[in-house]
Amino acid sequence: MSDLKGLLGEAVGAAFAAEGLSADYGRVTVSDRPDLADFQSNGALAAAKAAGRNPREIAAGVVERLKDDPRLAALEIAGPGFINMRLTGAALTERAAEIAADRRSGAPTVAEQRRVLIDYAGPNVAKPMHVGHLRSSIIGESLKRLFRFLGDEVLGDAHFGDWGFQMGLLIVAASDENPGWARVAEADEGEIEGLGLEVLDRLYPMAAARAKEDKDYRDRARRATMELQSGKAGYLRLWRHFVEVSRTALKREFKALDVEFDLWKGESDADPLIAQMVEDLKTKGLLELDQGAQIVRVAREGETKKKKLDDGTVVVVPTPDPLLVISSEGSAMYGTTDLATILDRRQSFDPHLVLYVVDQRQADHFEQVFRASYLVGYAEQGQLEHLGFGTMNGPDGKPFKTREGGVLKLHDLIEMAREKARQRLHEAGLGAELSPEDFEATAHKVAVAAIKFADLQNFRGTSYIFDLDRFTSFEGKTGPYLLYQSVRIKSLLRKAEAEGHAAGPVVVEEPAERELALTLDAFDAALSEAYAKRAPNFLAEHAYRLAQSFSKFYAACPVLIAPTPELRASRLNLAQTTLRQMDTVLALLGIATPERM
Ligand code: ARG
């Protein structure tokens, strides 16, 4: 099965080829003038330019070859040589019926199934999650669902930050705080009592701030990190406790967001592979000693940048910076565990593709890690992709902060959105008949839809301004608007069922029916584009277009009181088909829809 756009493109391509021109000129696009045409081809212009010929003349040749295509009701050359095409009602009917009968709503799977690992969310032990982790979770979850839907074998991994300097900081802070915990740390004796989430939430920011000012403290934390990594028993026990407490809390937050991982591996899981990795780097002659640290140089010949030294002089240095593998204290660093994780993943899953959904500001880090892994032979060029994203900003255009100037915790953000959603539901007179539990569940879905859709409707690289008022509105391009449309169709279908009406064969005739059928057809293209660019915003755009096409259809074409029973059955089918595709797209965005509201 294939979409109309693709099929027409093939036909137009064949016509170009028959004219002695490249079939690539045959690509068709959805017309930007739906009043004049359904699809258009602009290929004659490009072909004419390349061949030094008249575009209208080329278009005329192509049109001549297409004029007997039974799917086309009208075929015209417009302006300098655009080819405008309008489909017959029969062609649209046939395609709509195909989508109606297809559980996948007209979306084929990929020709070649791949193993794909998606590294996203990346929360850290004890550090509260902030909006950067939120974006990564939302985008990564959507990509995971999209790749899986299209047929790839996909694993989502949270890549828990549980092995770096912050662990040493916590060990020192906990030891200073409580003699019992200090005894566990130093002597591996006694129980760990009273060390819960609130304590971690308090200790970590305190320790991080102190380490910035106090060199002795910082050195203690560095040493503790190294000793933890070398396997000191009491440190390991305390560390396991931190990890457990944090993970339990994080899992709750992810559940609230409908984000689910297949693997909950940590940076620490790569630790056992570091020794082998260091051996591999040595064998390949890649490891160098540099002021007590061990590094891998990843810059190629001639790749340099200017760097200003502390005394103001400017020097030319290689870029990217070398990857720091083992610090002068002997600790594994962020890049160390990332490189070893690539090896770990290769041994356990052997992915064709690894996608890292991480803040754009970590681009240099990934460049270093990827290059090192190509050099040592852990991956091939093109197998590792960093999918950077922009920031979620406050009204001042800077990364979002709370009113007090702190980082906004994910938990508080969700609660804020939920409160706003309750208010919005009341304002709109929605959910009044729901039981208190159902109302809460609906408010939660509205909140999650608001947050996720606001994020996913932008290309991931774009930063956007957090505006909860706008995001939670039931009008405009918002998650709640889409939920409302989905619920509206569900209620229409319930009513039809109650009145004893069933869906029947589709007939596409009216302009609003035609537009709806064309939008249903566009699902396939939206999926392909989102997949190729690793960009869920194309799905978000499609969901919105589908809701709008349905709205127009519903306003123009009476369903329950359609002029004939056949027409009613056809329109019920269109409504049902729209609903299924809508809920499928929303699910790919990670958005669940309620039954009623
Ligand atoms: N924990 C990191 C952070 O909070 C993100 C981890 C991203 N993934 C990775 N493989 N480095 O910044």
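It should be noted that the structure appears before, not after, this text.
These numbers come from a predicted model, not from an experiment. (Residues numbered from 1 in each chain as written. Predicted model: local features only at pLDDT ≥ 70, side-chain atom pairs only at ≥ 80, totals over all residues. Heavy atoms only, no water.)

A look at the overall build of the protein chain
Across its full length, the protein chain carries 21 helices and 15 strands. Its C-alpha atoms give the protein chain principal-axis dimensions of roughly 85 × 65 × 45 Å. Counted over contacts in the protein chain with a minimum sequence separation of 6, partners at least 24 positions apart contribute 75%. When the accessible surface of the protein chain is split by element, carbon and sulfur atoms take 50% of a total near 26,900 Å². (Helix = DSSP H or I, 4+ residues; strand = E, 2+ residues; numbered from the N terminus. Contact = heavy atoms within 4.5 Å. Areas by Shrake-Rupley, 256 points an atom, 1.4 Å probe, with all protein chains shown as cover.)

Here's the deal with the site of the ligand
Residues in close proximity to the ligand include Asp-119, Gly-122, Asn-124, His-133, His-159, Tyr-334, Asp-338, Tyr-356, Val-358, Gln-362 and Phe-366, which together make up its full environment. Between the ligand and the protein, one listed contact pairs a nitrogen atom with a backbone N or O atom of Gly-122 at 2.9 Å. At 2.7 Å from a nitrogen atom of the ligand is found a side-chain nitrogen or oxygen belonging to Asn-124. Protein contacts shield 87% of the accessible area of the ligand, which totals 350 Å² for the unbound molecule. When grouped by side-chain class, the residues that make up the shell around the ligand number four nonpolar, five polar and two charged. (Near = heavy atom within 4 Å. Polar contact = N/O pair within 3.5 Å; in protein donor to acceptor, adjacent residues only side chain to side chain. Nonpolar A, V, L, I, M, F, W, Y, C, P; charged D, E, K, R; others polar.)

Topic: the sheet that holds strand S8 (residues 293-296)
Strand order in this open sheet of three strands is S7-S8-S11, and the pairing throughout is antiparallel. Only two strands of the sheet have a single partner each, and these edge strands are strand S7 (287-290) and strand S11 (323-326). Across the sheet, the mean angle from the axis of one strand to that of its neighbour is 45°, orientation sign disregarded. Bridge count for S7 against S8 is four bridges, and the pairing is antiparallel. (Pairing = 2+ DSSP bridges. Axes fitted to C-alpha atoms, helices over the stretch in contact; angles between N-to-C directions.)

Focus: the environment of Met-206
For Met-206, the location among the structural elements is in helix H8 (residues 197-213). For Met-206, a relative accessible area of 39% gives the class partly exposed. Separated by 331 residues in sequence, Met-206 and Asn-537 place their C-alpha atoms 39 Å apart. The residues touching Met-206, leaving out its near neighbours within four places in the chain, are Ala-173 and Tyr-217. (Buried < 20%, exposed > 50% of the residue type's maximum accessible area, 1.4 Å probe, protein only.)

Remember, this is a structural readout, not a statement about activity or role.
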